[in-house]
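Overview (structure and organization)
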Amino acid sequence: MKGLLIKDFRLLKGQVYFLLIVTVCVIVFMINGSEAFGVAYVCSMVALLSLTTVSYDEYENGSAFLFTLPITKKDYVKELVRIFKLSKNSQKLVKTLSKYHEKDIAEAITLLTPAERQHIYNVLDEHMIAEIFSYLDDAKDYLEELSLEKAARVVSYMDSDDAVDVLDDLSETKKNEIVEHLDADAKEDVQKLLSYEDDEIGSCMTNNFVCIPNTLTIREAMSALVKQAGEHDNISTIYVVNSAGKFAGAIDLKDLIIARQNDNLADIISSSYPYVYEHENINECIDKIADYEEDSIPVLTDDGKICGILTATDIVELVDDAMSDDYAKLAGLTSEDDLSEPTLVSIKKRLPWLIILLFLGMAVSSVVGIFESVVAVLPIVICFQSLVLDMAGNVGTQSLAVTIRVLMDETLSAKKKLSLLFKEMKIGFINGASLGIMALVFLGVYIHIFKKYAWMSAFLISGCVGLSLIVAMVVSSLVGTIIPMFFHKIHIDPAVASGPLITTVNDLVAVVTYYGLAMIFLVEIFHV
């Protein structure tokens, strides 16, 4: 039997529209009679269908059409704010919050007043507050709303890497006070992470992992996992050590679950599992970490013992930070800008490159000065200087972006690099030829009509611009490809030699090309 089945019936926006339409239909029926009501009813159904989704499904008692009104996505943050403001029962509030994700709760408390947050801090235990604070982008401001003792207990419950992230944002005095009030285990973990340099991989690790010896049976390994899972929630990968306490491999949780009791534990241990050392430079091992795509990767001491792990979240953050730094370098910054950082800090990041570019710009300007005689004889050529320079800079930046992306592949052969170089030059030539022809036609017409030059002279000038575009774009493609390759070869980050530097070099090439061609063809040969 077929029929209509209303699914997820809620008074949503579409349903409100429907009720309004029905109300109008009833009014029309009362005024004009049944014929008008029939027409209005049909119109209302058409309008309703435009707001709904109809699908077909099978049920035990027969088949049915599912008549589904649109359901808007819940805004849990607004819902939580409303709960915080209206809830009076503390026990009920705690029970309600257990149904929401800590990320949404963290976002919601940022929308409360300090007084309202104090009420939340008094209701929730330190463990719950620690989970919430780990999702805050700027936990410093909220941690300072707690008493010193409570702040220390909250930090103690955090994963060591999250705790260090929060503490690093505090003043040195406040950080030392909280560290001194941490419990013994948390204090040891935090001080260990703080002892690493910022660019060392050990500064990003966490001690939230499960580790078992390789001498256990399958049953014993499962028991050890269950025992440790109460304290450590990163259980998807179980790390294994040998009798000397050194890293011996890893076990996937799924493999341990499906293993038989009489199976040998060694058979499910991945002895070639990837790892990194605690003092390795982050930038040097980030590619290796990302390539393996594991849930977590162990961090070893110099003697091969596990001192922590990098979780998938840590790895994503490291990759994101590396990409942000590369983006900053492309923009001519010494490091990534932050919206909340002081103005003086931002100035220090930007000023060094700007000073370098100032002197490079002076070099370009001095080259332009060499061609004063061309500008004196043919002033119109200066009108199209920026056109040639901008196009050369844009092409160079495009080639640079492609080259940096390709150079991320460490296995790239010399033949492939050479192929990339010729490809970029070919693209530059074809694009330059296309734009050069357009410049020849449109600028020629423009110069004749608006600058009152003869047709011959007008097209000679536009032809010079078009030819300059071709040469400048080919050379810019070459420069934008070969410079990052050179820096990569001598083990310097290619992004450092990018953006503004490439653009300035291309400006120099474009100026020489443009004014050189203008002097040779327009002044010396054709005497325009």
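Starting from 1, residues in each chain are numbered consecutively following that chain's sequence as written. Only residues with pLDDT of at least 70 get local features here, since the model is predicted, and only at 80 or more are side-chain atom pairs given and counted; chain-wide, interface and lining totals rely on the full set of residues. Heavy atoms from the whole structure form the basis of all side-chain values; hydrogens and water molecules are not counted.

Working definition: helices are DSSP H or I runs of at least four residues, strands are E runs of at least two. Numbering for both runs from the N terminus. Looking only at helices and strands, one finds 22 helices and nine strands in the protein. A simple rule labels every residue: compare its accessible area, found with a 1.4 Å probe on the protein chains alone, to the largest value its type can have, and call it buried under 20%, exposed over 50%, or partly exposed in between. Out of the 528 residues in the protein, the part that is buried amounts to 40%. Total accessible area on the protein is roughly 30,300 Å²; 60% of this is exposed by carbon and sulfur atoms. In these tables, accessible area is a Shrake-Rupley quantity obtained with a 1.4 Å probe, and a residue counts as shielded only by the protein chains included in the view.

Attention now goes to the confidence of the model for the protein. Low pLDDT means the predicted coordinates in that region are not meant to be read closely. Each residue gets a pLDDT score, which is the predictor's confidence in that residue and runs from 0 to 100. Residues with a pLDDT of 70 or more make up 82% of the protein, whose mean pLDDT is 83. In the model, residues 1-13 has pLDDT below 50 throughout and makes 26 contacts with residues more than four positions away in sequence or in other chains. Note that residues 52-69 has pLDDT below 50 and, in this model, 44 contacts with residues that lie over four places away or in other chains. The contact criterion used is simple: two residues touch if any of their non-hydrogen atoms lie within 4.5 Å.

Another aspect to go through is the packing of helix α10 (residues 160-168) against helix α12 (residues 184-194). At a closest axis distance of 9 Å, the pairing of α10 and α12 adopts a crossing angle of 65 degrees. Regarding the angle of α10 to α12, the classification is roughly perpendicular. In terms of crossing hand, the pair formed by α10 and α12 is right-handed. Contacts between α10 and α12 pair S160, D161, A163, V164, L167 and D168 from the former with D189, V190, L193 and L194 from the latter. Note that Gly is not counted as nonpolar here; it falls among the polar residues with everything else outside the nonpolar set of Ala, Val, Leu, Ile, Met, Phe, Trp, Tyr, Cys and Pro and the charged set of Asp, Glu, Lys and Arg. Considered class by class, the residues forming the contact of α10 with α12 number six nonpolar, one polar and three charged. What counts as an axis is a line fitted to C-alpha atoms, over the stretch in contact for a helix, and the angles between N-to-C directions run from 0 to 180 degrees. Roughly parallel means an angle under 35 degrees; roughly antiparallel, over 145; roughly perpendicular, 65 to 115; everything else is oblique. Each crossing gets its handedness from the near helix: less than a right angle anticlockwise from the far helix is left-handed, clockwise is right-handed.

Now for a negative patch on the surface. Only residues whose relative accessible area exceeds 30% and that form no salt bridge enter a patch; like-charged residues are grouped when within 9 Å of one another, and nonpolar side chains (Val, Leu, Ile, Met, Phe, Trp, Tyr) when within 5 Å. A side-chain nitrogen of Lys or Arg and a carboxyl oxygen of Asp or Glu constitute a salt bridge if their distance falls within 4 Å. The charge count treats Lys and Arg as positive and Asp and Glu as negative. His and the chain ends do not count. Note on charges: their place is set at NZ of Lys, CZ of Arg, CG of Asp or CD of Glu. Side chains of D137, D138, D165, D169, E317, D320 and D321 sit close together on the surface and give a patch of like negative charge. Among the secondary structure elements, D320 is positioned in helix α16 (residues 312-330).

For residues other than glycine, phi is negative in most cases, and the peptide bonds are mostly trans. Of note, K452 is a non-glycine position whose phi angle comes to about 65 degrees, a positive value. With respect to the element layout, K452 can be found in the loop between α20 (414-450) and α21 (455-489). Residue classification places K452 among the exposed positions, given a relative accessible area of 69%. Unlike most non-glycine residues, H527 shows phi in positive territory, near 50 degrees. Within the secondary structure, H527 is located in the segment after α22 (500-525). On the basis of relative accessibility, which here comes to 60%, the residue H527 falls in the exposed class.

The subject of this paragraph is the nonpolar core. Ranked by internal contacts, the top residues of the largest apolar core, which has 58 residues, are F84, I105, F133, L143, I178, I201 and L310. V367, V381, L389 and L469 belong to the second largest nonpolar core, which has 29 residues in total. The nonpolar core is taken to be a set of buried Ala, Val, Leu, Ile, Met, Phe, Trp, Tyr and Cys residues, with the residues joined through side-chain atoms within 4.5 Å.

Strand order across the open sheet formed by three strands is β4-β5-β6, with mixed pairing between neighbours. Of all strands in the sheet, those bounded by a partner on one side alone are β4 (210-213) and β6 (247-252). Between one strand axis and the next, the sheet turns by 30 degrees as a mean value, whatever way the strands run. Strand pairing is defined by DSSP finding a minimum of two bridges between the two strands. Judged from the four bridges that link them, β4 and strand β5 (residues 237-241) form a sheet pairing that is parallel. If you follow P213 over to β5, its bridge partner there is V241. Contacting β4 and β5, helix α13 (residues 218-228) runs over the sheet at an angle of about 150 degrees to β4.

Looking now at the sheet that holds strand β9 (residues 306-311). Backbone-to-backbone hydrogen bonds join strands into a sheet, with any given pair of strands oriented parallel or antiparallel. Reading across from one edge, β7-β8-β9 is the order of the three strands in this open sheet, with mixed pairing throughout. Where the open sheet ends on each side, the last strands, each with one partner, are β7 (276-277) and β9. Across two bridges, β7 lies against strand β8 (residues 296-300) in parallel orientation. Of the residues in β8, the one forming a bridge with Y277 is L300.

Tracing the backbone through its elements, the reader meets T403 in helix α19 (residues 385-406). In this structure T403 comes out as buried when scored by relative accessible area, which is 0%. In terms of polar contacts, T403 uses its side chain to reach the backbone carbonyl oxygen of S399, at 2.7 Å. Setting aside residues up to four positions removed in sequence, T403 forms contacts with L420, G480, T481, P484 and M485. Under the rule applied, a polar contact is a pair of N or O atoms within 3.5 Å (in protein, one hydrogen donor and one hydrogen acceptor; residues adjacent in sequence only if both atoms are side-chain atoms).

Glancing now at helix α5 (residues 102-109). Listed as buried for α5 are D104, I105, A106, A108 and I109. Packed against the buried residues of α5 are α3 (76-86), α4 (90-97), α6 (114-123) and α7 (126-133).

Pairing of aromatic rings covers Phe, Tyr and Trp, the last counted by its six-membered ring, and requires centre-to-centre distances within 6.5 Å; plane angles under 30 degrees mean stacked, over 60 mean edge-to-face, and any other angle means tilted. Per the stated rule, a full pass over the model turns up 12 aromatic pairs. Ring geometry for Y239 versus Y273: centroids 6.0 Å apart, planes at 75 degrees, classification edge-to-face. You can see Y239 sitting in strand β5 and its partner Y273 sitting in the loop between α14 (253-258) and β7, a full 34 residues away along the chain. There is no split in this pair, since Y239 and Y273 are both buried. Site record: aromatic cluster; members linked through ring pairs are F209, Y239, F247, Y273, Y275 and Y277.

Between side chains of opposite charge, pairing is possible as soon as their charged atoms come close. For the coordinates displayed, the defined rule picks out nine salt bridges. E126 is the salt-bridge partner of R153, the closest N and O atoms lying 3.0 Å from each other. Of this pair, R153 sits in helix α9 (residues 148-157) while E126 sits in helix α7, and the two are 27 residues apart along the sequence. Residue R153 is classed as partly exposed on the basis of its relative accessible area of 38%. When its relative accessible area of 18% is taken as the criterion, E126 is described as buried.

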